[in-house]
Amino acid sequence: MSSPKQMPRIAILISGRGSNMRALIEAASQAKFPAEISLVLSNKPQAGGLEYAQSHKIPTSVIDHRRFEDRETFEQALDEVLHKAKIDLICLAGFMRVLTPWFITRWQGKLINIHPALLPSYKGLHTHERALADGVKIHGCTVHHVVPEVDAGPIIAQAAVPVLENDTAETLGARVLAAEHKLYPLALQKFLKKNFDISQKSDPNSQLISV
Ligand code: GRF
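Let me sum up the structure you'll find in this document. This structure is a prediction, so every number in the text was calculated from the model and none was measured.

### Concerning the overall build of the chain
- Of regular secondary structure, the chain possesses 6 helices and 8 strands.
- For 211 residues, the compact-globule estimate of 2.2 N^0.38 gives 17 Å, and the C-alpha radius of gyration of the chain, at 17 Å, lies within 12% of that figure.
- When its C-alpha atoms are laid out on the principal axes, the chain stretches across 50 × 45 × 30 Å.
- The buried share of the chain, taken over its 211 residues, is 51%.
- Considering only intrachain contacts with a sequence separation of at least 6, the fraction spanning at least 24 residues in the chain is 62%.
- Here the chain displays about 10,700 Å² of accessible surface, and carbon together with sulfur accounts for 52% of that area.

And the structure:
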């Protein structure tokens, strides 16, 4: 059943603690937010974020990838649940499964992700360690469209943070994560304004958000 306000219906896909999911749920709970979080879906039954979503009365679903013989059958199950829930847009938030071109093509233009680095630098894993090893002075995070090549889709918004003298991967990672929590809701609003026919009541941010 579609929502009474006919707002875009968002699914957040997680695999773990879900702190970005939480930031999105908090933002979407504001009356002026132009979409609703209609589903939180995890590929891991023990993902910490599920409990938070349930406590906020958001429907959750677990599709344990280990129960499927290959990526495509797992993704077919995922796709079916998303369609049944009438999802318009998917936000990946720490979803630790690489999606196949089959799934990405089906959701093209409706699938976004947050990555803990200033893309196109530091695609992939261990971004904070690699940024420190390179001695960069600016690091950050990116919300981007998902395309078949990993972490290579068009950029929607970025937030930059300084790298400080005595940073470790943990301290830098915590600074980036705090920036992610501000960036993702803003980037999502920007995306919604551009791609869905909604009356924008909130204040979308600029391309670069420095925090
Ligand atoms: C975040 O750093 C996100 O950028 C990356 O995975 C992490 C997920 O953290 N894709 P959380 O589950 O949102 O706390």
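### Digging into the state of the cysteines
- Summed over all chains, the structure comprises 0 disulfides.
- Lacking any disulfide linkage, Cys 141 is separated from the closest cysteine sulfur, that of Cys 91, by 14 Å.

### Considerations on the site of the ligand
- Around the ligand sit Arg 17, Gly 18, Ser 19, Asn 20, Gly 94, Ile 114, His 115, Pro 116 and Glu 180, and that is every residue in its neighbourhood.
- A distance of 2.9 Å separates an oxygen atom of the ligand from a polar atom in the backbone of Asn 20.
- Glu 180 places a polar side-chain atom, nitrogen or oxygen, 2.7 Å from an oxygen atom of the ligand.
- Within the complex, the protein chains bury 85% of what would otherwise be the 370 Å² of accessible surface of the ligand.

### Topic: unusual backbone geometry
- A cis amide bond, omega 10°, links Leu 119 with the succeeding residue Pro 120.
- For Pro 120, the location among the structural elements is in the loop between β5 (111–115) and α5 (127–134).
- The backbone phi angle of Tyr 122 is positive, close to 55°, even though this residue is not glycine.
- Structurally, Tyr 122 is set in the loop between β5 and α5.
- For Tyr 122, a relative accessible area of 13% puts it in the buried group.
- One non-glycine residue with positive phi stands out, namely His 126, at about 55°.
- Structurally, His 126 can be placed in the loop between β5 and α5.

About the cut-offs
Residues numbered from 1 in each chain as written. Predicted model: local features only at pLDDT ≥ 70, side-chain atom pairs only at ≥ 80, totals over all residues. Heavy atoms only, no water. Helix = DSSP H or I, 4+ residues; strand = E, 2+ residues; numbered from the N terminus. Rg over C-alpha atoms; globule rule 2.2 N^0.38 Å. Buried < 20%, exposed > 50% of the residue type's maximum accessible area, 1.4 Å probe, protein only. Contact = heavy atoms within 4.5 Å. Areas by Shrake-Rupley, 256 points an atom, 1.4 Å probe, with all protein chains shown as cover. Disulfide = S-S within 2.5 Å. Near = heavy atom within 4 Å. Polar contact = N/O pair within 3.5 Å; in protein donor to acceptor, adjacent residues only side chain to side chain.

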